[in-house]
Amino acid sequence: MSADSGLAEAASVLRTGGLVAFPTETVYGLGANALDARAAARIFEAKARPSFDPLITHLADAADLEPLVGPVPAAVAALAARFWPGPLTLIVDRPAAIPPIVTSGLDTMAVRVPDNDHARRLIAAAGVPVAAPSANRFGQLSPTRAEHVVRGLGAAVDVVLDGGPTRCGIESTIVDARGERPVVLRLGALPVEELEKVTGPVTIRPGSSGQPVAPGTLAAHYAPRTPLRLLAVDEAVAAGSPPGAGVARGYLAFRDRPADGWAAVEVLSAAGDLTEAAARLFDALHRLDAAGVTEIVAEPVPETGVGRAVNDRLRRAAATWQPAG
Ligand code: TXA
Ligand code: MG
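What comes next concerns the included structure. Note that the coordinates shown come from a computational prediction; the quantities given were computed from them, not determined experimentally.

Rules behind the numbers
- Residue numbers restart at each chain and count upward from 1, following the sequence in its written direction.
- The naming scheme follows written order: chains are lettered A onward, ligands numbered 1 onward.
- At least 70 in pLDDT is required for a residue's local features to be given in this predicted model, at least 80 for side-chain atom pairs to be given and counted, and no such filter applies to totals for whole chains, interfaces and linings, which use all residues.
- Here the side-chain values reflect all heavy atoms present in the structure, with hydrogen atoms and water set aside.
- Put simply, DSSP H or I for four residues or longer makes a helix, DSSP E for two residues or longer makes a strand, and each gets a number counted from the N terminus.
- Any pair of nitrogen or oxygen atoms within 3.5 Å is treated as a polar contact; in protein, a donor-acceptor pairing is required on top of that, and neighbouring residues in sequence qualify only through side-chain atoms on both sides.
- Any two residues having at least one pair of non-hydrogen atoms within 4.5 Å are treated as being in contact.
- One less than the number of residues in a helix, times 1.5 Å, gives the span that helix is expected to have.
- The bend at a residue is defined as the angle formed between two axes, one fitted to the seven residues ending at that residue and one fitted to the seven starting there.
- A 1.4 Å probe rolled over the protein chains alone gives each residue an accessible area, and that area as a share of the maximum for its type sets the label: buried under 20%, exposed over 50%, partly exposed in between.
- What we call a nonpolar core is a set of buried Ala, Val, Leu, Ile, Met, Phe, Trp, Tyr and Cys residues that are connected through their side-chain atoms within 4.5 Å.
- At least two bridges found by DSSP between two strands is the condition for calling them paired.
- All axes here are fitted lines through C-alpha atoms, helices being fitted over the stretch that makes contact, and every angle between N-to-C directions spans 0 to 180 degrees.

## Quick notes on the side chain of Thr 89
Turning to step 1, where the next piece is worked out: With respect to the helices, strands and loops of the structure, Thr 89 is situated in strand 4 (residues 88-93).
Turning to step 2, where the next piece is worked out: Side chain to side chain, Thr 89 and Ser 172 meet in a polar contact 2.8 Å long.
Turning to step 3, where the next piece is worked out: Thr 89 has contacts with Ile 56, Ala 110, Val 111, Arg 112, Ser 172, Thr 173, Ile 174 and Val 175, leaving out every residue within four places of it along the chain.

## Side note on helix 9 (residues 274-289)
Turning to step 1, where the next piece is worked out: Relative to the 22 Å expected for 16 residues at 1.5 Å per residue, helix 9 spans 22 Å between its end C-alpha atoms, a close match to the ideal helical length.
Turning to step 2, where the next piece is worked out: The largest bend along helix 9 reaches roughly 45° and is located at Arg 280.
Turning to step 3, where the next piece is worked out: The element helix 9 is largely enclosed, with a buried count of 12 among its 16 residues.
Turning to step 4, where the next piece is worked out: Taken as a whole, helix 9 has its buried residues at Leu 274, Ala 277, Ala 278, Ala 279, Leu 281, Phe 282, Asp 283, Ala 284, Leu 285, His 286, Leu 288 and Asp 289.

## Observations regarding unusual backbone geometry
Turning to step 1, where the next piece is worked out: Cis geometry marks the peptide bond from Trp 84 to Pro 85; its omega dihedral reads -10°.
Turning to step 2, where the next piece is worked out: One can find Pro 85 in the loop between helix 4 (74-83) and strand 4.
Turning to step 3, where the next piece is worked out: In this structure, Ala 48 takes a positive phi of about 55° despite not being glycine.
Turning to step 4, where the next piece is worked out: In this structure, Ala 48 sits in the loop between helix 2 (37-47) and strand 3 (56-58).
Turning to step 5, where the next piece is worked out: Judged by its relative accessible area of 43%, Ala 48 is partly exposed.

## Things to note about the nonpolar core
Turning to step 1, where the next piece is worked out: In terms of nonpolar packing, the biggest core is built from 73 residues, with Leu 30, Leu 88, Ile 170 and Leu 252 touching the most fellow members.
Turning to step 2, where the next piece is worked out: Top contributing element to this core by residue count: helix 9, with eight residues.
Turning to step 3, where the next piece is worked out: Apart from the residues lying within four places of it in its own chain, the contact partners of Leu 88 are Leu 79, Phe 83, Val 111, Arg 112, Ser 172, Thr 173, Val 175, Leu 190 and Leu 195.
Turning to step 4, where the next piece is worked out: Counting 18 residues, the second largest nonpolar core, distinct from the first, contains Ala 3, Ala 126, Val 130 and Ala 132.

## Remarks on the sheet that holds strand 12 (residues 249-253)
Turning to step 1, where the next piece is worked out: Strand order in the open sheet formed by four strands is 11-14-12-13, and the pairing between neighbours is parallel. At either margin of the open sheet sits one strand with a lone partner, and together these are strand 11 (228-230) and strand 13 (264-267). Averaged over all pairs of adjacent strands, the angle between their axes in this sheet comes to 20°, without regard to strand direction.
Turning to step 2, where the next piece is worked out: With four bridges connecting them, strand 12 and strand 14 (residues 295-298) associate as parallel partners. Each residue of the ladder has a partner; that of Leu 252, found in strand 14, is Ala 298.
Turning to step 3, where the next piece is worked out: Here helix 9 sits on the sheet and contacts strand 11, strand 12, strand 13 and strand 14; the angle it forms with strand 13, its principal contact strand, is near 175°.
Turning to step 4, where the next piece is worked out: Contacts from helix 10 (residues 307-317) reach strand 11, strand 12 and strand 14, with the element oriented near 130° to strand 11.

Rendered as structure tokens:
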């Protein structure tokens, strides 16, 4: 339903333990009352999400943080003050009011204030913090349009609020700023360069090995159903070599259209703009995935700003790719 007319009903669905998919500035979230363990359990069920993968709690306003979690470290407060509402998720201690299922038993909680009016009005009207992962089935492409949610989750969701395509198109940056030097747990829509202007140098946790502290960092994640092969930087300069005869392949380009011969082509940003490329990434992958091709070949984008998060998602989407034969 439209995000304006459906808001009051959606808020009441949240309050009574239901699931509401809603737009944020990053991707669509699958929301439930974060104070209600049963409601949170429904999220894991709907997404087929492993119970070890904790949820992000969403607030309507930065001023709602300390009443929920108590005093936070100065560095955390400074980041919230600077970047909320916005695509930054912060790690804090889990308060007693939040049931352990939300954080998968961790004594920490991920929290953010989304920069989207529909989202903030929904959360404010519900009057509760809202636990929301991306509104897709676990491991699959993230949803940047209401149609993606409906296609991926369908009847498992009580209400889908349609707020149009999301502005950033890629998930929030997750930062643990409780220690001496902030640690980026997941690259995302807020570029590391912007963070460092406030915090000084940060550590970027390489995702795949060891404990899945942020399972958005699992090696294989954010993946289309079609096998995706990520080109090396120097391969991509040639804009992809034309595919072999008889095989329908799709091509994901950063700015330049490749030579003819591809069954389907998506160009992320003809202007070479990384913000636009990030905003269009998942939408383009959803389209290539629906194009009936046997393989998607993707170019990396420049490894700077939000481009780092785009490349991170492409590497994870490509993690299970194997040469044919
Ligand atoms: O942009 C976003 O962050 C979107 C929108 C809907 O807000 N949400 C999102 O949620 O991407 P999800 O569940 O797809 O990814 C949340 C990530 C997971 O990788 C999870 O492991 C990590 O956040 N996370 C949650 N709680 C954590 C915690 N206490 N410590 C470390 N990582 C945590
Ligand atoms: Mg996700």
